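Residue-level structural notes
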Amino acid sequence: MFIIELTYQKPLAEVDQQLAAHNAYLDRNYAAGNFLLSGRKEPRDGGLILATVASRTELEAIYHQDPFYQHQLAQYRIVEFHPSKATSSLQAFINA
C-alpha cells in the first residue's frame, strides 16, 4: 500500500486549469481498483492519495498519467507502508 503526497509547484490558478482532467484520472484509477481514498491538503498546497497496487514501479507508471504530473504542477512523494491494524471496514487490506 502507498501514500502519494502531492505538493503543488505552480500557482493554484494553473492547478485549477487541470483539475477536471486530474479528477478524470482519479476516477479511472478508482474504477481500476488502484486508489482507495484521495483529497486535498489544508492549507490547499497539494493532496494525498491512498493507493493499493502491487509495486512502486506500477505506481510510478500510474501517477505519470496524472495531468498534474504531466504539466509539472506537483511534486510527488511516495511512502510505501504495510498495514498492520485497521478498522473493521478496512480489515481486507491487512496482510494483503
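It should be noted that the structure appears before, not after, this text.
Residues numbered from 1 in each chain as written. Predicted model: local features only at pLDDT ≥ 70, side-chain atom pairs only at ≥ 80, totals over all residues. Heavy atoms only, no water.

**Focus on the packing of aromatic side chains**
On inspection of all chains with the given rule, the structure shows six aromatic pairs. Ring geometry for Y63 and Y69: centres 5.5 Å apart, planes at 75 degrees, overall edge-to-face. Judged by centre distance (5.6 Å) and plane angle (75 degrees), the rings of Y69 and Y76 are edge-to-face. We classify Y69 as partly exposed; its relative accessible area is 33%. According to the relative accessible area criterion, Y76 is buried, its value standing at 14%. (Phe/Tyr/Trp six-rings, centres within 6.5 Å; stacked < 30°, edge-to-face > 60°. Buried < 20%, exposed > 50% of the residue type's maximum accessible area, 1.4 Å probe, protein only.)

**Regarding the environment of L50**
Along the chain, L50 falls in strand β3 (residues 46-51). Along the sequence, L50 and A86 sit 36 residues apart, while their C-alpha atoms lie 14 Å from each other. In this structure L50 touches M1, F2, I3, N34, F35, L36, L37 and F81, once residues within four positions along its chain are discounted. (Helix = DSSP H or I, 4+ residues; strand = E, 2+ residues; numbered from the N terminus. Contact = heavy atoms within 4.5 Å.)

**A closer look at the nonpolar core**
Note that soluble globular proteins tend to have their nonpolar side chains buried in a common cluster. By size, the foremost hydrophobic cluster in this structure holds 19 residues, and its most contacted members are I4, L6, F35, L59, F68 and Y76. Only β1 (2-8), α2 (19-31), β3, α3 (56-63) and β4 (74-80) provide two or more residues apiece to this core. Discounting residues that sit within four places of it in the chain, L6 has contacts with H22, K41, D45, G46, G47, I49, D66, F68, A74, Q75 and Y76. (Core = buried A, V, L, I, M, F, W, Y, C linked by side-chain atoms within 4.5 Å.)

Worth remembering: the numbers are spatial, not functional.
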